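# Understanding the architecture of this molecule
The lines below spell out each chain.
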Amino acid sequence: MSANSLHIAKPAVFEYADAHTEPLGSEFDALLADTQATAPSPTMVSGVSEIRLLEAFIVAGQYKNVVEVGTFTGAGAISMAAVMPEGGLVTTIENDEMLAAVAKKHIDLSPHKDKLKLIVGDAREELAKIDGPIDLVYIDAWKFDYWHYYETVLPKLAPNGMILCDNVLWRGRVLDPANADDDETEALVEFNEKIKNDKRVVSTMLTVGDGVSLIRFA
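Right, let's get into unusual backbone geometry. Only a minority of non-glycine residues have a phi that is not negative, and only a minority of peptide bonds are not trans. That bond from Gly-132 to Pro-133 is cis: its omega, -5°, falls within 30 degrees of zero. In this fold, Pro-133 is placed in the loop between helix H6 (123–126) and strand S4 (134–139). Non-glycine residue Phe-72 carries a positive phi angle of around 55°. Within the secondary structure, Phe-72 is located in the loop between strand S1 (65–69) and helix H4 (75–83).

Written out as structure tokens, the structure is:
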């Protein structure tokens, strides 16, 4: 989810950072326009800073097996495929059929469609069917199931692999969960504490966008 209009720190800092991050380019204009026109919450599209961060890991690690949990309308998946080495594959999972239809339209138009596989279904079931080793997992879906997704993919993660989890700061609500008015806050607070205390991994929480946790094997 983008942190647009939901900044948890000084807005000018985020605006400056956004202005100095390479934009996605005109090839994404139609996708973003479709997102605005059809998605019930268009601001949930991945922010440019998150997308560029994902791309950087793929390029640096020459990752070839990437899994995205939560396609939304496809901007992240298409961007990751664009920087992936030949022979690589981004498998992206979306449970909402309407959003998946928008994503499929733009995946089919992408010159990188051969490196993209869209699965429409429940990630709790579909992740179990994906073979490892997985180089990179990006989780940005149903917050109550973050721990389930994490536990499913961790045994399949490559030794030098990474798991990235979006929205871990949840607009800053995780700082004061007792006064939050949504159940997602409690779920994310619990998830964040579990990750912090999981001795199998090393985690780093970044204040990029709405908060991104980077998780690797200890």
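Anyway, onward from the coordinates.
Between helix H2 (residues 29–38) and helix H5 (residues 97–109), the least distance of the axes is 10 Å, while the angle of their chain directions is 165°. Taken together, the axes of H2 and H5 lie roughly antiparallel to each other. The two elements H2 and H5 cross, and the hand of that crossing is right-handed. Residues Ala-30, Leu-31, Asp-34 and Thr-38 of H2 touch H5, and the partners they reach there are Met-98, Val-102, Lys-105 and His-106. For the contact of H2 with H5, the per-class residue count stands at four nonpolar, two polar and two charged.

With that out of the way, let us pick up the pairing of strand S6 (residues 201–206). Bridge analysis of S6 against strand S7 (residues 212–217) gives six bridges, and the strand direction is antiparallel. Following the sheet pairing, Ser-203 is matched in S7 by Ile-215. Taken together, S6 and the strand that follows it, S7, pair antiparallel across an intervening segment of five residues, in which Gly-209 is found at a positive phi of about 60°.

Consecutive side chains of a regular strand alternate in pointing toward one face of the sheet and then the other. With five of six residues buried, strand S2 (residues 89–94) is to be regarded as a mostly interior element. Strand direction decides the pairing type here: S1 and S2, joined by five bridges, are parallel. Across the sheet, Val-67 pairs through a bridge with Thr-91, a residue of S2. On the question of chirality, the crossover connecting S1 to the parallel S2 by way of H4 is right-handed. As for the winding sense of the linkage, the β-α-β connection from S2 through H5 to strand S3 (residues 116–120) is right-handed.

Here Ala-128 lies in the loop between H6 and S4. Ala-128 gets classed as exposed once you look at its relative accessible area, which sits at 53%. Note: C-alpha distance between Ala-128 and Thr-152 (24 residues apart in sequence) is 6.6 Å. Those residues in contact with Ala-128 that lie beyond four places of it in its chain are Thr-152 and Lys-156.

Attention shifts here to the packing of aromatic side chains. A full pass over the atoms with the stated rule returns six aromatic pairs. Relative to Phe-144, the ring of Trp-142 lies with its centre 5.0 Å away and its plane at 55°, an arrangement referred to as tilted. For Phe-144, a relative accessible area of 38% corresponds to the partly exposed category. A connected cluster of aromatic rings, assembled from ring pairs, spans Tyr-146, Trp-147, Tyr-149, Tyr-150 and Phe-191. The cationic tip of Arg-171 hangs over the ring face of Trp-170; the distance from NZ or CZ to the ring centre is 4.7 Å.

The next thing to look at is helix H8 (residues 183–196). For H8, built from 14 residues, the straight-helix expectation of 20 Å at 1.5 Å per residue is met to within 8% by its first-to-last C-alpha distance of 20 Å. Residues of H8 that are buried include every one of Thr-185, Ala-187, Leu-188, Phe-191, Asn-192 and Ile-195, and no others. Buried residues along H8 cover an arc of 160° about the axis, so they all sit on one side. What points out from H8, more than 90 degrees from its buried face, is the exposed set Asp-183 and Glu-186. Lining the buried residues of H8 we find helix H7 (146–153), strand S5 (157–166), S6 and S7.

The rules we used
Numbers given to residues run from 1 along each chain, matching the order in which its sequence is written. In view of the model being predicted, local features appear only for residues whose pLDDT reaches at least 70, and side-chain atom pairs are presented and counted only at 80 or more, with totals across whole chains, interfaces and linings using the full set of residues. Side-chain figures throughout are based on the complete set of non-hydrogen atoms in the structure, without hydrogens or water. Per the convention used, a helix needs a DSSP run of H or I reaching at least four residues, while a strand needs a run of E reaching at least two, with both numbered from the N terminus. Working convention: axes come from line fits to C-alpha atoms, limited for helices to the stretch in contact. Angles between N-to-C directions cover 0 to 180 degrees. To sort the angles, those under 35 degrees are grouped as roughly parallel, those over 145 as roughly antiparallel, those from 65 to 115 as roughly perpendicular, and the leftovers as oblique. For any helix crossing, the convention is left-handed if the near helix is rotated counterclockwise from the far helix by under a right angle, and right-handed if that rotation is clockwise. What makes two residues a contact is simply this: any of their non-hydrogen atoms within 4.5 Å. Note on residue classes: Ala, Val, Leu, Ile, Met, Phe, Trp, Tyr, Cys and Pro are nonpolar, Asp, Glu, Lys and Arg are charged, and everything else, Gly too, is polar. Strands are labelled as partners when DSSP assigns at least two bridges between them. Throughout, exposure labels follow a simple rule: accessible area from a 1.4 Å probe, protein chains only, divided by the maximum for the residue type, with under 20% read as buried, over 50% as exposed, and the rest as partly exposed. By the criterion used throughout, a crossover qualifies as right-handed when its path from the first strand across the helix to the second strand runs clockwise, the strands pointing away from the viewer. The criterion for an aromatic pair is that two Phe, Tyr or Trp rings (for Trp, the six-membered ring) have centres within 6.5 Å, with stacked assigned to planes under 30 degrees apart, edge-to-face to planes over 60 apart and tilted to the rest. Two conditions define a charge located above a ring, namely a distance within 6 Å from the ring centre to NZ of Lys or CZ of Arg, and an angle within 35 degrees of the ring normal. In this scheme, a helix's expected span is set at 1.5 Å multiplied by one less than its residue total. Read the arc as the range of directions from the helix axis to the C-beta atoms.

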